[in-house]
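The residues making up each chain are set out below.
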Amino acid sequence: MFCPNDGIENREGAKRCKKCGACLNCGEKDPGEKICRKCRIPLSDTGLRQCPKGHTLPQGSDRCDICEGNSGRPLAHGSPVGGARRRQPGVYVPPELTQMDDEDSIPTNIPEPRPDERRRQPTRFGSAGSTAKIVGVLVTYSWKREGEIFEIREGRNLIGSDLDCDVRLDCDPALSGKHAHITFLKSFVIGDMVSKSGTFVDDQPIESERLPLRNGATIRTGGTVWTFVSMPSPGEHSEGASKA
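Here the structure is a predicted model, which means the values were calculated and not measured. (Residues numbered from 1 in each chain as written. Predicted model: local features only at pLDDT ≥ 70, side-chain atom pairs only at ≥ 80, totals over all residues. Heavy atoms only, no water.)

1. Focus on the sheet that holds strand E6 (residues 167-168)
And step 1. Reading across the sheet, the five strands line up as E6-E5-E7-E8-E11 and stay open at both edges, with mixed pairing between neighbours. Across the chains shown, the open sheet's two edge strands, defined by having one partner strand only, are E6 and strand E11 (211-212). (Pairing = 2+ DSSP bridges. Helix = DSSP H or I, 4+ residues; strand = E, 2+ residues; numbered from the N terminus.)

Set out below in structure tokens:
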């Protein structure tokens, strides 16, 4: 019970504040002798008694069930349990818990944290598969001073922030999950995937799903600026070497 006047905590069952004598029911500072003159409740004590530790004793008994516990013997308040752990005052601890070692309470099956997936190998789409030939690269300096380079392979290459994109950036807040695509079959084409901020090639917005893409073109998706470079086929290398 807390006094409504000064907030002092009184024992359970008390009718008057132990500090100011006020009625704990209505806060009357001069409640009278036996009945509060304001709220008319009895001011006599309820007869609830407490042990030296402050626990309420059962009616008709001088024994504190909390202090003595179920075993009938007093518990040492604050005595250590299981090495470093300490018992809270007035809380019964079963004997079997006092034999528990600290190592028993430490979980050993905590999974290892997953590594950063930002640089994981992307999943390839369509019939190209993961063994498709590299036919070009995208280079950007938008997010790292030293630059970043991404492979463009035969087939469709998705550009975006989703985990299943072939060219994936998770640091561009303006990049859609699946923002654009660069596809190579016999030639390079680029298309927008209905992105939220649009796709631009050489500062011109793409308004179709398939637009021819030239070597050296500048591409902008969200806040990222790319330079596209197509790679010569192995046959072109061989032909150039034979002419030399």
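2. Quick look at unusual backbone geometry
And step 1. Positioned with a positive phi, Val-194 is a non-glycine residue whose angle comes to about 55°.
And step 2. Looking at the element boundaries, Val-194 is found in the loop between strand E8 (188-192) and strand E9 (199-201).
And step 3. Look at Asp-203: it is not a glycine, yet its phi comes out positive at around 65°.
And step 4. With respect to the helices, strands and loops of the structure, Asp-203 is situated in the loop between E9 and strand E10 (204-205).
And step 5. For Asp-203, a relative accessible area of 65% corresponds to the exposed category. (Buried < 20%, exposed > 50% of the residue type's maximum accessible area, 1.4 Å probe, protein only.)

3. Thoughts on the environment of Ala-132
And step 1. Looking at where Ala-132 falls in the secondary structure, it is placed in the loop between helix H2 (95-98) and strand E3 (134-140).
And step 2. Residues Ala-132 and Arg-153, 21 residues apart in the sequence, show an inter-C-alpha distance of 5.9 Å.
And step 3. Those residues in contact with Ala-132 that lie beyond four places of it in its chain are Arg-153 and Glu-154. (Contact = heavy atoms within 4.5 Å.)

4. Things to note about the packing of aromatic side chains
And step 1. Tallying each qualifying case throughout the model produces three aromatic pairs.
And step 2. Aromatic pair Phe-184 and Phe-188: ring centres 4.5 Å apart, planes at 45°, arrangement tilted. For the residue pair Phe-184 and Phe-188, the accessibility class agrees, reading buried in each case.
And step 3. Both rings, one in Phe-188 and one in Phe-228, keep their centres 4.9 Å apart while their planes meet at 70°; by these two values the pair is edge-to-face. With a gap of 40 residues between them, Phe-188 in strand E8 and Phe-228 in strand E13 (residues 224-230) connect regions that are remote in the sequence. For the pair formed by Phe-188 and Phe-228, the shared burial category is buried.
And step 4. Each residue in the set Phe-184, Phe-188 and Phe-228 is aromatic and connected to the rest through ring pairs, giving one cluster. (Phe/Tyr/Trp six-rings, centres within 6.5 Å; stacked < 30°, edge-to-face > 60°.)

5. Observations concerning the environment of Arg-37
And step 1. You can see Arg-37 is positioned in the segment before helix H1 (65-68).
And step 2. Not counting residues up to four positions away in its chain, the partners in contact with Arg-37 are Asp-30, Pro-31 and Gly-32.

6. Comments concerning the nonpolar core
And step 1. Among the nonpolar cores identified, the biggest contains 19 residues, and Leu-138, Ile-182, Phe-188, Leu-213, Ile-219 and Trp-226 are the most heavily contacted of them.
And step 2. Looking at this core, the elements with two or more residues in it are E3, strand E4 (148-153), strand E7 (180-184), E8 and E13.
And step 3. Apart from residues lying up to four places away in sequence, Leu-213 is in contact with Ile-182, Phe-188, Val-189, Ile-190, Val-201, Ile-219 and Phe-228. (Core = buried A, V, L, I, M, F, W, Y, C linked by side-chain atoms within 4.5 Å.)

7. Some points on the sheet that holds E9
And step 1. Taken together, six strands build an open sheet; the order of strands is E4-E3-E13-E12-E9-E10 and the sheet is antiparallel. Of all the strands in the sheet, just E4 and E10 have a single pairing partner and so form its edges.
And step 2. Inspection of the sheet shows E3 paired to E4 by six bridges, in the antiparallel sense. Its bridge partner lying in E4, Gly-136 is registered against Ile-152.

8. Concerning the side chain of Thr-221
And step 1. Along the polypeptide, Thr-221 turns up in strand E12 (residues 218-221).
And step 2. Here Thr-221 falls in the buried class, since its relative accessible area comes to 0%.
And step 3. At 2.8 Å, the side chain of Thr-221 forms a polar contact with the side chain of Trp-226.
And step 4. Sequence-distant contacts of Thr-221, defined by excluding residues within four places in its chain, comprise Ile-159, Asp-172, Leu-175, His-179, Ala-180, Gly-198, Thr-199 and Trp-226. (Polar contact = N/O pair within 3.5 Å; in protein donor to acceptor, adjacent residues only side chain to side chain.)

9. Looking at the pattern of salt bridges
And step 1. Counting across every chain of the model gives six salt bridges.
And step 2. With its nearest N and O atoms 2.9 Å apart, the salt bridge here joins Arg-153 to Glu-151.
And step 3. For Glu-151, a relative accessible area of 35% translates into the label partly exposed.
And step 4. Several salt bridges share partner residues, and in doing so they unite Asp-162, Asp-164 and Lys-178 into one network. (Salt bridge = Lys/Arg side-chain N within 4 Å of Asp/Glu carboxyl O.)

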